[in-house]
Amino acid sequence: MSTKKAQSALISVFHKDGLEPIVKKFQELGITIYSTGGTESFIRELGIDVVPVEEVTSYPSILGGRVKTLHPKVFGGILNRQDNETDVAQLEEYEIPQLDIVIVDLYPFEKTVASGASEQDIIEKIDIGGISLIRAAAKNYKDVLCVSSMEDYGDFLEVISKNDGNTSLEDRKRFATKAFNISSHYDTAIFNYFNRNGMPALKMSETKGKVLRYGENPHQKGFFFGDFDAMFTKLHGKELSYNNLLDVDAAVNLMNEFKGSAPTFAILKHNNACGLATRDSLHQAYIDALAGDPVSAFGGILISNTEIDKATAEEIHQLFCEVVIAPSYAEDALEVLKGKKNRIILVLKEVDLPETNVRTCLNGVLVQEKDAKTDEVEDLKYVTEKNPSEKELEDLIFASKICKHTKSNTIVLAKNRQLCASGTGQTSRVDALNQAIHKAKSFNFDLNGAVMASDAFFPFPDCVEISHKNGISSVIQPGGSIKDQLSIDYCNENKVAMVMTGTRHFKH
């Protein structure tokens, strides 16, 4: 039976928004409506006839509304196979009405969790009857059309309006697919709420998905699953690509280290900072961030920790960049930045980021806690005879923050709260250091009095020796090598200050 005329519908929803046009269409089409509780009252107040489910089951809503629809006369009406003689006979024998349409909107479990409600309130928002109705109706899509979300009301109304209440098998299967997406996502959210102690199980579900132009390269398909609009307001520019999104992610995580700090500006390329500076004004922070590597900045991702003003926008406008991110923009600054039609302009909203990192690996996935540790002055262990000055300590923490968000192996060189250069993704820490030194000097940085940060320990004193010979006066590193003393001894012999954090920040 491919196309069938709907004769009856069961409606049991939490949110009533958008429901009125549907019940009025049902009235127009002569479709009998069955309903419960608040939904029944809503329909009746519209002056539309509705049959209470209690009249069908001969049971009232009990246990404070926990049990309303859980009854054979309801589920029999949904699960019966209309081409099965035995099923049809049993409906008649037990006086069970056939239900052709089921409309359910689940209790808002995720919103209740996000609101900070009490555990008891959260538990009460675990829908039992609703989720059961969805699964039953979706299972029996050959005979029943299931509308499982208020977001689908418009689509459903169009289907029944266009076809005078008739639904096709294709329509019913399409809505069933949506229904199982809703039910599986709902169950995942509930499990993840209960699994706060970390049972070794991975459940992920994202109902908001976007097809990208392509992946890292044009021959690869790409998708983004997540609520981008909850995190950003896009004010201008072309659509973001797969690579844009990776860079934006890196930029946001890096700039979170400087939330609440003095005006800070960063420029990223291929997930790594190629320029970053903290200054008394954002305008100067941008100029000094750009000076870190004006070549790599071409086509980069720009991010600020404070509102972008017109003076800064005019400087940015001279650079070709893919994306600009800030918590806000002055109106005249926005007009300047919109001067290039493809430039993507994003407002970053206050939003909680995931606490875990997930990536595919072999025939499975790797999951780890996010590196939420930021090195602070209070964490430092002073291991050399010479201690860093107050200014050097400021630069050491500054460099450590950048190092944490740079691909391993990495070395970061900084001076006066400005990134001089970094060596990124090298197979040797010595290579990373030499790369950073060469790059800094190529952009005319004076490394005398600069500091060095390393994402992992030094197994030999070669790095501190090379850095010292190039003017580096202070070093921050995690420590932990069985040969730490070799580096300490070199620093003591050459009056270099070194501190250890005790925390490694590999980023592979």
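Whatever comes next refers back to the structure up there.
Predicted model only: the values in this text are computed from it and were never measured. Within any chain, residue numbers begin from 1 and follow the written order of that chain's sequence. With pLDDT at 70 or above as the cut-off, local features in this predicted model cover only qualifying residues; side-chain atom pairs require 80 or more to be listed or tallied, and sums for whole chains, interfaces and linings still use all residues. Note that water and hydrogens are dropped before the side-chain values are worked out from all heavy atoms of the structure.

Draft legend 1. Representation of the nonpolar core. By nonpolar core is meant a set of buried Ala, Val, Leu, Ile, Met, Phe, Trp, Tyr and Cys residues that side-chain atoms within 4.5 Å join together. Using a 1.4 Å probe on the protein chains alone, a residue whose accessible area is under 20% of its type maximum counts as buried, one over 50% counts as exposed, and one in between counts as partly exposed. With 38 residues, the main nonpolar core has Val 248, Ile 325 and Leu 346 as its most contacted residues. Contact between two residues is taken to exist if any of their heavy atoms lie within 4.5 Å; hydrogens are not considered. When sequence neighbours within four positions are dropped, the list of residues in contact with Leu 346 reads Phe 228, Phe 232, Thr 233, Lys 234, Leu 240, Val 248, Val 323, Val 324, Ile 325, Ala 326 and Tyr 329. By size, the runner-up hydrophobic cluster in this structure holds 28 residues, among which are Leu 10, Ile 122, Val 144 and Cys 146.

Draft legend 2. Local environment of the pattern of salt bridges. Between Lys or Arg on one side and Asp or Glu on the other, a salt bridge is scored when a side-chain nitrogen of the former is within 4 Å of a carboxyl oxygen of the latter. Throughout the structure, instances matching the rule amount to 20 salt bridges. Between Glu 40 and Arg 44 there is a salt bridge, with its nearest N and O atoms 2.9 Å apart. Taken together, the residues Glu 40 and Arg 44, both in helix H2 (residues 37–45) and four residues apart, mark about one turn of the helix. Residue class for Arg 44 comes out partly exposed when judged on its relative accessible area of 43%. Close ionic contact of Asp 379 with Lys 373 constitutes a salt bridge, the shortest N to O distance being 2.8 Å. Of the residues examined, Asp 379 reaches a relative accessible area of 28% and is grouped as partly exposed. The exposure class assigned to Lys 373 is partly exposed, which follows from its relative accessible area of 32%. A network of salt bridges, in which partner residues are shared, links Asp 152, Asp 155, Asp 171, Arg 174 and Lys 178. Secondary structure elements are taken from DSSP: a helix is a run of H or I of four residues or more, a strand is a run of E of two residues or more, and numbering for both begins at the N terminus.

Draft legend 3. Seen up close, the state of the cysteines. When two cysteine sulfur atoms lie within 2.5 Å, the pair is treated as a disulfide. Taken as a whole, this structure holds zero disulfides when the rule is applied. Lacking any disulfide linkage, Cys 321 is separated from the closest cysteine sulfur, that of Cys 274, by 11 Å.

Draft legend 4. Layout of the environment of Asp 462. Within the secondary structure, Asp 462 is located in helix H18 (residues 462–469). Relative accessible area serves as the criterion here: at 29%, Asp 462 is assigned to the partly exposed category.

Draft legend 5. Structural view of the packing of helix H4 (residues 72–79) against helix H8 (residues 129–139). Axis angles are defined between N-to-C directions and span 0 to 180 degrees, where every axis is a line fitted to C-alpha atoms and, for a helix, only to the segment in contact. As a packed pair, H4 and H8 sit with axes 8 Å apart at the nearest point and diverge in direction by 30 degrees. Put simply, H4 runs roughly parallel to H8. Seen from H4, the contacting residues are Val 74, Phe 75, Ile 78 and Leu 79; seen from H8, they are Ser 132, Leu 133, Ala 136, Ala 137 and Lys 139. By the convention adopted, Pro, Cys, Tyr, Trp, Phe, Met, Ile, Leu, Val and Ala count as nonpolar, Lys, Arg, Asp and Glu as charged, and the other residues, Gly among them, as polar. Considering only residue class, the contact of H4 with H8 consists of seven nonpolar, one polar and one charged. Angles below 35 degrees are treated as roughly parallel, those above 145 as roughly antiparallel, those between 65 and 115 as roughly perpendicular, and all remaining angles as oblique.

Draft legend 6. Representation of empty space enclosed by the protein in the model. Whether a set of points on the 1 Å grid over the protein atoms alone is a cavity depends on a 1.4 Å probe fitting there but being unable to get out, while an open set qualifies as a pocket with protein on both sides within 12 Å along at least five of seven lines; lining residues are those with an atom within 4 Å of a point. Grid points are joined across faces, edges and corners, and a volume is the space filled by probe spheres set on the points. Applying the stated criterion across every chain, the model contains two cavities of 30 Å³ or more. Estimated volume of the largest cavity: approximately 70 Å³. The wall of the largest cavity is formed by 13 residues, among which Asp 375, Ser 400, Ser 454, Pro 478 and His 505 lie closest to the centre. Those elements giving two or more residues to the lining of the largest cavity turn out to be helix H16 (390–404), strand E21 (451–454) and strand E22 (474–477). Here the lining of the largest cavity takes three residues from H16, the largest share from any one element. Taken together, the residues of the lining of the largest cavity sort by class into four nonpolar, six polar and three charged. Taken as a whole, the second largest cavity encloses approximately 50 Å³ of empty space. Every residue lining the second largest cavity is listed: Leu 10, Tyr 34, Val 53, Val 56, Lys 73, Val 74, Pro 97 and Leu 99.

Draft legend 7. Here's a closer look at the packing of aromatic side chains. Classification of ring pairs rests on two measures: the distance between centres of Phe, Tyr or Trp rings, Trp counted by its six-membered ring, which must be within 6.5 Å, and the angle between planes, read as stacked under 30 degrees, edge-to-face over 60 and tilted in between. By the definition in use, this model includes 12 aromatic pairs. Judged by centre distance (6.2 Å) and plane angle (20 degrees), the ring pair of Phe 223 and Phe 225 falls under stacked. Among the aromatic residues, those joined into a cluster by ring pairs are Phe 109, Tyr 186, Tyr 193 and Phe 194. Over the ring of Phe 175 we find Lys 178; its NZ or CZ atom is 5.2 Å from the centre of that ring. Two conditions define a charge located above a ring, namely a distance within 6 Å from the ring centre to NZ of Lys or CZ of Arg, and an angle within 35 degrees of the ring normal.

Draft legend 8. Just the side chain of Ser 35, in detail. Looking at the element boundaries, Ser 35 is found in strand E3 (residues 32–35). Judged by its relative accessible area of 0%, Ser 35 falls in the buried class. A polar side-chain atom of Ser 35 sits 3.2 Å from the main-chain amide nitrogen of Glu 40. Contacts of Ser 35, omitting those with residues within four sequence positions, involve Leu 10, Ile 11, Glu 40, Ile 43, Val 50, Val 51, Pro 52 and Val 53. As used in this structure description, the phrase polar contact means that two N or O atoms lie within 3.5 Å; if the pair is within protein, one of them must be able to donate a hydrogen and the other to accept it, and residues adjacent in sequence are counted only when both atoms belong to side chains.

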